[in-house]
Amino acid sequence: MRNIAVYLADINGVHGIGEVERCLASGIAKRAEEQKEKNAITFTFIVPGSEIGRYGDVVEYLEINDTTKKLVNYDFFGLIRKFYFPHFDLVHFTHQYSKFHRSIANKTLVTIHDINFVHNGNNTSSSMRRRVHRIKRIEKIATHMSFISDFTYRDVMEHFPFCKPYKIIKNGSQDWTTLKRQEIEGLPQDFLFHISDAGEKKNVHLLVEMMRYLPQENLVIAGATDPINRKRITDIIDNHALKNVTLLGRVSDEEKAFLLDRCKCFLFPSRSEGFGLPVIEAMCFGKPVVISKLTSLPEIGGDIAYYFDELEPEAMATKTITSCKDFYSNEQQNAEATTNHAHSFSWEKAVDEYIQYYVEIIDSVV
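The sections below set out a description of the structure shown in this document. All of these numbers come straight from a predicted model, not from anything done at the bench.

1. Digging into the overall build of the protein
In step 1: Each helix and strand in the protein was counted, giving 13 helices and 13 strands.
In step 2: Whereas a compact globule of 366 residues would reach a radius of gyration of roughly 21 Å, the protein reaches 22 Å, a difference of no more than 12%.
In step 3: Over its C-alpha atoms, taken along the principal directions, the protein stretches across nearly 65 × 45 × 35 Å.
In step 4: Within the protein, the fraction of its 366 residues that count as buried is 53%.
In step 5: Taking contacts inside the protein between residues at least 6 apart in sequence as the whole, the part at least 24 apart equals 67%.
In step 6: A total accessible area of about 16,700 Å² is found for the protein, and carbon and sulfur atoms account for 49% of it.

Here it is as structure tokens:
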């Protein structure tokens, strides 16, 4: 029997990496029994203590805590790991931010989601060094790699060329239309929508400034926001006395589904993305999306999305209006095409591709 460990230490996260890990865990658990019979493979999920048992008894669990991290990271010769951990033929680090700085298996697959820090001009020299060090550490421990988009692969090869076997396995998207909606009261009847952490690269401040030129429209912004960026946004609202911007903060999955279902249009003018999952999530609801032309977003949006020609508030306002007008001029056909495009990004497909890659890696001589 061959044992594969899947690193899911951030599975409790609300969105982003946490969401990716939950989808991978669910998909792998559904296929675990089949893989045991078909390929003599068992899976061990590396998870926080609160997640042990959550995915049933078809998989094994290894708790990640301060002790396990120290055993891995400070065991330079790997002797303690041999006694403390089960034997693993392969470990999959599901993102490049692993709390394990060393491998715990014969072979190591690392998935890289992005190197957005090379596109964001606000990095200090110390933070840049840390991020570069993290990527170079990956090169040392990985025997194989995967990337979540063609863009991410090209970006990494340009800045940190690796000579490792790799595959491009694109993220899937949950079908949020199946979730129960949790209504949020007090919202405008029609509104434009954006959800993110409102970090610098998301360009949320440009959306808020854009609303100066769209007095007849309303904008709703959701997502956790750090104090600095929140102040920047609220200052713009106060300075221009904007009455058509609503800041909701963090929302639940059910509230997010309600917002995506109710919105008129989804806006995502991000400066850098490794994939762009919120775009696909909005498309699941058959909504028009207007996004930037930067990094991975054209790959994800394809010819179904609308694109900001300029990331300048007045031009963005014009593009938003013309895009909505075009979309709703033939709403049924455009909504169907948008939904079909979104469904081409499925977690079922992604999980199948990962499992196939696991088998290839275990059977390889590398």
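Back to the write-up after that little detour.
2. Remarks on the packing of helix 11 (residues 313-328) against helix 12 (residues 331-343)
In step 1: Put simply, helix 11 and helix 12 touch, their axes get as near as 6 Å, and they point 100° apart. If you check the angle between helix 11 and helix 12, you find them roughly perpendicular. Between helix 11 and helix 12, the contacting residues are Asp326, Phe327 and Tyr328 on the first element and Glu331, Asn334, Ala335 and Thr338 on the second.
In step 2: Grouping the amino acids of the contact of helix 11 with helix 12 by side-chain chemistry returns three nonpolar, two polar and two charged.

3. Quick notes on the nonpolar core
In step 1: In this structure, Phe193, Leu259, Phe266, Val289 and Ile291 are the most contacted members of the largest nonpolar core, which totals 33 residues.
In step 2: If you list the elements that add at least two residues to this core, you get strand 8 (192-195), strand 9 (219-222), helix 8 (253-262), strand 11 (265-268), helix 9 (277-284), strand 12 (289-291) and helix 10 (297-301).
In step 3: Judged by nonpolar contacts, the second largest core, of 30 residues, contains Ile11, Tyr55, Val351 and Tyr358.

4. So, the pattern of salt bridges
In step 1: The tally for this structure, following the rule as stated, stands at 17 salt bridges.
In step 2: For Arg2, the salt bridge goes to Asp363, with nearest N and O atoms at 2.6 Å. Taken together, the residues Arg2 in strand 1 (residues 2-7) and Asp363 in helix 13 (residues 347-363) connect sequence positions 361 residues apart.
In step 3: Here Asp352 makes a salt bridge to Arg31, at a shortest N to O gap of 2.6 Å. A residue pair is termed long-range when its members are at least 10 positions apart, and Asp352 in helix 13 and Arg31 in helix 1 (residues 17-39) qualify at 321 residues.
In step 4: Owing to a relative accessible area of 14%, Arg31 belongs among the buried residues under this scheme.
In step 5: Each of Asp150, Lys170 and Glu299 takes part in a single network of salt bridges with overlapping partners.

5. Here's the deal with a nonpolar patch on the surface
In step 1: A cluster of nonpolar side chains, contributed by Tyr74, Phe76, Phe77 and Leu79, occupies part of the molecular surface with about 580 Å² of accessible area.
In step 2: Mapped onto the secondary structure, Leu79 falls in helix 3 (residues 79-84).

6. Describing the state of the cysteines
Disulfides are covalent bonds that connect the sulfur atoms of two cysteines.
In step 1: According to the stated counting rule, one finds zero disulfides in the structure shown.
In step 2: Cysteine Cys324 remains unbridged, with the sulfur of Cys265 as its closest cysteine sulfur at 3.9 Å.
In step 3: Cys324 sits in the buried class, given a relative accessible area of 6%.

7. Topic: the sheet that holds strand 3 (residues 60-63)
In step 1: Read across the open sheet, the seven strands follow the order 3-2-1-4-5-6-7; overall the sheet is parallel. In this open sheet, the two strands that pair with only one neighbour each are strand 3 and strand 7 (166-168). Within the sheet, the average angular offset between the axes of one strand and its neighbour, ignoring direction, is 20°.
In step 2: The pairing of strand 4 (residues 90-93) with strand 5 (residues 107-112) spans four bridges and is parallel. Note on strand 5: the bridge partner recorded for Val91 is Thr108.

8. Comments concerning helix 7 (residues 227-239)
In step 1: When the terminal C-alpha atoms of helix 7 are compared, their 18 Å separation across 13 residues agrees well with the 18 Å that a helix rising 1.5 Å per residue should span.
In step 2: Considering only its buried residues, helix 7 is in contact with helix 6 (204-210) and strand 10 (245-249).
In step 3: Positive backbone phi, approximately 50°, marks Ala241, located one or two places after helix 7.

9. Points about unusual backbone geometry
In step 1: Even without being glycine, Ala241 reaches a positive phi, approximately 50°.
In step 2: You can see Ala241 is positioned in the loop between helix 7 and strand 10.
In step 3: Even without being glycine, Thr295 reaches a positive phi, approximately 45°.
In step 4: Note on placement: Thr295 falls in the loop between strand 12 and helix 10.

10. Quick word on the sheet that holds strand 11
Across a sheet, paired strands are connected by hydrogen bonds in the backbone, their directions being either parallel or antiparallel.
In step 1: Spatial strand order, 10-9-8-11-12-13: six strands in an open sheet with parallel pairing. Each edge of the open sheet is held by one strand with a lone partner, namely strand 10 and strand 13 (306-307).
In step 2: In the packing of helix 8 onto the sheet, the strands contacted are strand 8, strand 9, strand 10 and strand 11, and the crossing angle to strand 8 comes to about 145°.

Cut-offs used in this document
- Residues numbered from 1 in each chain as written.
- Predicted model: local features only at pLDDT ≥ 70, side-chain atom pairs only at ≥ 80, totals over all residues.
- Heavy atoms only, no water.
- Helix = DSSP H or I, 4+ residues; strand = E, 2+ residues; numbered from the N terminus.
- Rg over C-alpha atoms; globule rule 2.2 N^0.38 Å.
- Buried < 20%, exposed > 50% of the residue type's maximum accessible area, 1.4 Å probe, protein only.
- Contact = heavy atoms within 4.5 Å.
- Areas by Shrake-Rupley, 256 points an atom, 1.4 Å probe, with all protein chains shown as cover.
- Axes fitted to C-alpha atoms, helices over the stretch in contact; angles between N-to-C directions.
- Parallel < 35°, antiparallel > 145°, perpendicular 65-115°, else oblique.
- Nonpolar A, V, L, I, M, F, W, Y, C, P; charged D, E, K, R; others polar.
- Core = buried A, V, L, I, M, F, W, Y, C linked by side-chain atoms within 4.5 Å.
- Salt bridge = Lys/Arg side-chain N within 4 Å of Asp/Glu carboxyl O.
- Patch = residues over 30% accessible without salt bridge, like charges linked within 9 Å, V, L, I, M, F, W, Y side chains within 5 Å.
- Disulfide = S-S within 2.5 Å.
- Pairing = 2+ DSSP bridges.
- Expected span 1.5 Å × (residues − 1).

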